[in-house]
Amino acid sequence: MGQIPTGKRENGRDGAGTNPRSGRRETEEERADRQWGELLQELRVAQTGVQILFGFLLAVVFQPRFADLSTVDRNIYVVTVMLGSATAAALIGPVSYHRLLTGRRMKPQTVTWASRLTKLGLGLLFCTMCSTLLLIMRVALHNVVALWLVGAMALWFLVCWFVFPLWAIARNNGLRPGEDGGAPDGESDPRP
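Source: prediction; values computed, not measured.

**Let's talk about the environment of I136**
Here comes step 1: Topologically, I136 is positioned in helix 3 (residues 107-141).
Here comes step 2: I136 gets classed as partly exposed once you look at its relative accessible area, which sits at 35%.

Here it is in structure tokens:
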């Protein structure tokens, strides 16, 4: 989230200006409300997956086979649970942030910080997923193939979560609004 531009008086609406990045006419507050709604939808997807994964991780320690794990596998488990905890905190944090700041006329700042926490949470989720896969593959395979499988899956996560979006940004770089045939959500974000 970059700096949210302040608007000018247009079409009889105080503070309504055209956002040069999205091409929308909206006040700073309207923009923050829209961005907050979009962020909440994204968080719902991520939070559900994190909660299921974290619940699974918490249950592992109570399984009879846990006592048979090697020291290395137990250490991987501890790291994985800590990463899962940090992920849950980062992805649930925006809700707390919003709740504590509601009514203080700080919506644009709330959206900015919640977006940052969400990005941090996604990075932690990547680490949690890789660590979980490493633990499971080590227990299931007991050989070096586990590392190759986890490495391949980590690469796939990176491609899906980061490379494809960055590729889309690079591909759209330099296009003027409307040149790309219109984005599915009606929002274009060309870079100068």
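Here the narrative resumes.
**Some words on the nonpolar core**
Here comes step 1: In terms of nonpolar packing, the biggest core is built from 11 residues, these being A32, W36, L39, L43, A46, V50, A88, L91, V111, A114 and L125.
Here comes step 2: Contributing elements (two or more residues each) for this core: helix 1 (28-60), helix 2 (71-101) and helix 3.
Here comes step 3: Here the element with the most residues in this core is helix 1; it accounts for 6 residues.
Here comes step 4: Core analysis: the next-biggest nonpolar cluster, separate from the first, contains 10 residues, L53, L69, L135 and V139 among them.

**Comments concerning the pattern of salt bridges**
Here comes step 1: Going through the model one piece at a time under the given rule, you end up with 5 salt bridges.
Here comes step 2: The salt bridge partner of E26 is R34, with a shortest N-O separation of 2.7 Å. Take E26 and R34: they sit in the same class, and that class is buried.
Here comes step 3: Put simply, R138 and D73 hold a salt bridge, and the shortest N to O gap is 2.5 Å. Placement of the pair is R138 in helix 3 and D73 in helix 2, with a sequence separation of 65 residues.
Here comes step 4: Relative accessible area serves as the criterion here: at 7%, D73 is assigned to the buried category.
Here comes step 5: It is possible to trace a salt-bridge network through shared partners that takes in E26, R31, R34 and E38.

**Some points on the layout of surface pockets**
Here comes step 1: Approximately 190 Å³ is the volume found for the second largest pocket.
Here comes step 2: In terms of lining residues, the second largest pocket is bounded by F56, V60, Q63, R65, F66, L69, L135, I136 and V139.
Here comes step 3: The set of elements that each furnish at least two residues to the lining of the second largest pocket consists of helix 1 and helix 3.
Here comes step 4: At 3 residues, the largest contribution of residues to the lining of the second largest pocket is made by helix 3.
Here comes step 5: A breakdown of the residues in the lining of the second largest pocket according to their chemical character gives 7 nonpolar, 1 polar and 1 charged.

**Some words on the packing of aromatic side chains**
Here comes step 1: Applying the stated criterion across every chain, the model contains 4 aromatic pairs.
Here comes step 2: Between the aromatic rings of F157 and W161, the centroid separation amounts to 5.2 Å while the plane-to-plane angle is 35°, which identifies the pairing as tilted. Taken as a pair, F157 and W161 lie in helix 4 (residues 145-172) at a separation of 4 residues, close to a single helical turn.
Here comes step 3: Residue classification places W161 among the partly exposed residues on the basis of a relative accessible area of 29%.

**Observations regarding the packing of helix 1 against helix 2**
Here comes step 1: Interaxial distance between helix 1 and helix 2 falls to 9 Å at its minimum, and their mutual angle equals 150°. Looking at the two axes, helix 1 sits roughly antiparallel to helix 2. As helix 1 runs across helix 2, the sense of the crossing is left-handed. Residue-level inspection shows W36, L43, A46, Q47, V50, Q51, F54, L57, L58 and V60 of helix 1 in contact with helix 2, the latter providing Y77, T80, V81, G84, S85, T87, A88, L91, I92, P94, V95 and H98.
Here comes step 2: Considering only residue class, the contact of helix 1 with helix 2 consists of 15 nonpolar, 7 polar and no charged.

**A look at the packing of helix 2 against helix 3**
Here comes step 1: At a closest axis distance of 8 Å, the pairing of helix 2 and helix 3 adopts a crossing angle of 160°. Taken together, the axes of helix 2 and helix 3 lie roughly antiparallel to each other. In the crossing of helix 2 with helix 3, the sense of the turn from one axis to the other is left-handed.
Here comes step 2: Of the residues assigned to the contact of helix 2 with helix 3, the class counts are 21 nonpolar, 12 polar and 3 charged.

What counts and how
- Residues numbered from 1 in each chain as written.
- Predicted model: local features only at pLDDT ≥ 70, side-chain atom pairs only at ≥ 80, totals over all residues.
- Heavy atoms only, no water.
- Helix = DSSP H or I, 4+ residues; strand = E, 2+ residues; numbered from the N terminus.
- Buried < 20%, exposed > 50% of the residue type's maximum accessible area, 1.4 Å probe, protein only.
- Core = buried A, V, L, I, M, F, W, Y, C linked by side-chain atoms within 4.5 Å.
- Salt bridge = Lys/Arg side-chain N within 4 Å of Asp/Glu carboxyl O.
- 1 Å grid on protein atoms, 1.4 Å probe; cavity = no way out; pocket = protein on both sides within 12 Å on 5 of 7 lines; lining within 4 Å.
- Points joined across faces, edges and corners; volume = space filled by probe spheres on them.
- Nonpolar A, V, L, I, M, F, W, Y, C, P; charged D, E, K, R; others polar.
- Phe/Tyr/Trp six-rings, centres within 6.5 Å; stacked < 30°, edge-to-face > 60°.
- Axes fitted to C-alpha atoms, helices over the stretch in contact; angles between N-to-C directions.
- Parallel < 35°, antiparallel > 145°, perpendicular 65-115°, else oblique.
- Left-handed = near helix turned anticlockwise from the far one by under 90°.
- Contact = heavy atoms within 4.5 Å.

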